[in-house]
Amino acid sequence: MVFENPLLLGAIGAGLAVGIAGLGSGIGAGITGASGAGVVAEDPNKFGTAIVFQALPQTQGLYGFLVAILILFVFKSAPEWAMLAAGIGTGLAGLSAIGQGIASAAGLGAVAEDDGIFGKAMVFSVLPETQAIYGLLVAILLLVGVFASPGVTTIAALGAGLAVGFAGLSGIGQGITAAGAIGATARDPDAMGKGLVLAVMPETFAIFGLLIAILIMLGIMF
């Protein structure tokens, strides 16, 4: 299916990339900010730490903004369906920021009680970021045409964006698990290893989505 003006689909893709990813980042940063307000009320010296944790779920919004700029100004000659798919994949995967916000809020709460757990809390809080990185990776591959299969130039490209995008929502579940693991590690430092195993499990589904997106881009079915 070819549109008379392919930039129309590119414009929709750019809007979805920055709009949906921004939604995820806004909710995630809000969750962390609420925790930060409580921590700062108890100890004003923790303001800088609160800013660091609140910045984590904002990166997904930056990824969406970056892909929107790439679509509108750099890769506007890319296949129209690839532009739309890049925007959808980046946007949906950006909702992982909600999970990252939940984990970051828990991390900030733990650091408020014990500064020594800062590094471990950051490790758990960063985990849900990977889903957004998968979305960004697939978006760039679609736009630069590394896997220039016939499917990437057709509506089939949407499959790649939807696969990595919806699978990226696993970041919300991962964030919930990471928040619990932070609490367990705060009580018992030896629990970190087992907590990491539990927190990584939800990412399996994001990897499945990434794999299917790559297979579609390789044209494995065309």
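Residues numbered from 1 in each chain as written. Predicted model: local features only at pLDDT ≥ 70, side-chain atom pairs only at ≥ 80, totals over all residues. Heavy atoms only, no water.

- Per an unreviewed UniProt entry, the protein chain goes by A1A0 ATPase, subunit K and derives from Methanococcus maripaludis.
- According to UniProt, the comment filed for the protein chain under the heading Subcellular location (unreviewed entry) is "Membrane". (UniProt positions renumbered as here; feature names shortened; annotations may be inferred.)

**Some thoughts on the UniProt feature "transmembrane region" (unreviewed entry) in the protein chain**
- Per the UniProt record, the feature "transmembrane region" (unreviewed entry) sits at residues 60-78, 90-112, 132-148, 155-176 and 196-220.
- A helix fraction of 82% and a strand fraction of 0% characterise residues 155-176, whose end C-alpha atoms lie 34 Å from each other. (Helix = DSSP H or I, 4+ residues; strand = E, 2+ residues; numbered from the N terminus.)

**Section: the UniProt feature "domain: V-ATPase proteolipid subunit C-like" (unreviewed entry) in the protein chain**
- Summarizing the sequence annotation, UniProt attributes the feature "domain: V-ATPase proteolipid subunit C-like" (unreviewed entry) to residues 12-71, 84-142 and 158-216 in the numbering used throughout.
- A distance of 10 Å separates the end C-alpha atoms of residues 12-71, which is 88% helix and 0% strand.
- The span residues 158-216 is 86% helical and 0% strand by assignment, and the distance between its end C-alpha atoms comes to 9 Å.

**Quick look at the nonpolar core**
- Val 67, Ile 71, Ala 86, Val 138, Leu 142, Leu 143 and Met 217 are the most contacted members of the largest nonpolar core, which has 38 residues in total.
- Taken together, the elements giving at least two residues each to this core come down to α1 (7-42), α3 (59-74), α4 (80-93), α7 (129-144), α8 (157-167) and α11 (203-217).
- Each residue touching Leu 143, except ones within four places of it in the same chain, is listed here: Leu 70, Ile 71, Phe 75, Ala 78, Ala 82, Met 83 and Ala 86.
- Core analysis: the second largest hydrophobic core is formed by 18 residues, Leu 108, Ala 110, Met 122 and Phe 124 among them. (Core = buried A, V, L, I, M, F, W, Y, C linked by side-chain atoms within 4.5 Å. Buried < 20%, exposed > 50% of the residue type's maximum accessible area, 1.4 Å probe, protein only. Contact = heavy atoms within 4.5 Å.)

**A short note on the packing of helix α2 (residues 47-55) against helix α5 (residues 96-113)**
- With their axes 9 Å apart at the nearest point, α2 and α5 run at an angle of 160° to one another. Relative to α5, the element α2 lies roughly antiparallel. By crossing handedness, the relation of α2 to α5 is classed as right-handed. When α2 is examined against α5, the residues Thr 49, Ala 50 and Phe 53 are found in contact with a partner set consisting of Ser 104, Gly 107, Leu 108 and Val 111.
- Of the residues contributing to the contact of α2 with α5, the split by class is four nonpolar, three polar and no charged. (Axes fitted to C-alpha atoms, helices over the stretch in contact; angles between N-to-C directions. Parallel < 35°, antiparallel > 145°, perpendicular 65-115°, else oblique. Left-handed = near helix turned anticlockwise from the far one by under 90°. Nonpolar A, V, L, I, M, F, W, Y, C, P; charged D, E, K, R; others polar.)

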